[in-house]
Amino acid sequence: MAVTTRRRVRGTYRHGNLRRALLEAGIELARRGGPDAVVLREATRRAGVVPNAAYRHFASRQELLEAVRAAALSSLAVAMETELAGLRRGKNPADAARASLRAVGTAYMRFARTETGLFRTAFSLPNHPETVANPDMAGKSGLNPYQLLSAALDRMTDAGVLPPERRPGAEYLAWSAVHGLAMLVIEGPLRGFTGAQFQEIGQRLLDMVEKGL
């Protein structure tokens, strides 16, 4: 009886629905265990299908991991967009630009702490988001996290806060600073930090980034 029921479940998947089910299973695996937990066979088990059915959509674990990684980056982009949307309007251009950059950094570090598995998965592959045009990595604005950071830095330059001659490569300076702190907290010697401690040191770091650029 159980076998018959399971076959019926498998039969209900349409072509696109099965791919989505496998991807959602992979995302949940990453959320709980990071990139190493994303295993194609386990994703198929959770989706309730035989492994052979999955190969029509993901030929290997690597392909599934790449799709999960894109979804993780998209989630990070949405978190950044949400933080940006919450900024108060009416500030002068310089203050608004500073707040924009701070919002991007704040969302990045919060995501690292609250969605650690997805955060680690988002940066588990060497593909550079600057050179990969993949809408699956983007948020609702169509921009991925790297592009959202770039846009915030452009606003800093347009507002006269960041000198144009210092703008090239500024993404790497800001990114490495916040990513380094995030990694120290989620899997390094600062793992004992409370949420409040992380938030406090994170805001001081963002002060340093802004002044250092």
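Placed above this text is the structure.
The model shown is predicted, which means the values in this text are computed figures rather than measured ones. (Residues numbered from 1 in each chain as written. Predicted model: local features only at pLDDT ≥ 70, side-chain atom pairs only at ≥ 80, totals over all residues. Heavy atoms only, no water.)

**A closer look at the pattern of salt bridges**
Taken as a whole, this structure holds 13 salt bridges when the rule is applied. In this structure, Arg20 engages Glu24 in a salt bridge whose closest nitrogen and oxygen atoms are separated by 3.1 Å. Of this pair, Arg20 and Glu24 are both found in helix H2 (residues 15-33), four residues apart, which corresponds to roughly one turn of the helix. With a relative accessible area of 45%, Glu24 lands in the partly exposed category. A salt bridge links Glu115 to Arg31, with the shortest nitrogen-to-oxygen separation between them at 3.1 Å. Of this pair, Glu115 sits in the loop between helix H6 (93-114) and helix H7 (116-122) while Arg31 sits in helix H2, placing them 84 residues apart in sequence. Relative accessible area serves as the criterion here: at 34%, Arg31 is assigned to the partly exposed category. Within the structure, one salt-bridge network assembled from shared partners comprises Glu28, Arg31, Arg32 and Glu115. (Salt bridge = Lys/Arg side-chain N within 4 Å of Asp/Glu carboxyl O. Helix = DSSP H or I, 4+ residues; strand = E, 2+ residues; numbered from the N terminus. Buried < 20%, exposed > 50% of the residue type's maximum accessible area, 1.4 Å probe, protein only.)

**Concerning the packing of helix H9 (residues 170-187) against helix H10 (residues 195-212)**
The geometry of a pair of packed helices is captured by two quantities: the angle between their axes and the separation between those axes. Interaxial distance between H9 and H10 falls to 10 Å at its minimum, and their mutual angle equals 160°. Taken together, the axes of H9 and H10 are roughly antiparallel relative to one another. The chirality of how H9 crosses H10 is right-handed. Along its contact with H9, which presents Ala174, Ala177, Val178, Leu181, Ala182 and Val185, the element H10 presents Phe198, Ile201, Gly202, Leu205, Leu206 and Val209. Its residues placed into classes, the contact of H9 with H10 shows 11 nonpolar, one polar and no charged. (Axes fitted to C-alpha atoms, helices over the stretch in contact; angles between N-to-C directions. Parallel < 35°, antiparallel > 145°, perpendicular 65-115°, else oblique. Left-handed = near helix turned anticlockwise from the far one by under 90°. Contact = heavy atoms within 4.5 Å. Nonpolar A, V, L, I, M, F, W, Y, C, P; charged D, E, K, R; others polar.)

**What to know about the packing of aromatic side chains**
A full pass over the atoms with the stated rule returns six aromatic pairs. Pairing Phe123 with Trp175 gives two aromatic rings, centres 6.1 Å apart and planes at 55°, and the pair type is tilted. Pair noted here: Phe123 is in the loop between H7 and helix H8 (145-158) and Trp175 is in helix H9, with a separation of 52 residues, a long-range link. Relative accessible area serves as the criterion here: at 26%, Phe123 is assigned to the partly exposed category. Aromatic side chains Tyr146 and Tyr172 sit 6.2 Å apart centroid to centroid with 40° between the ring planes, which places their arrangement in the tilted category. (Phe/Tyr/Trp six-rings, centres within 6.5 Å; stacked < 30°, edge-to-face > 60°.)

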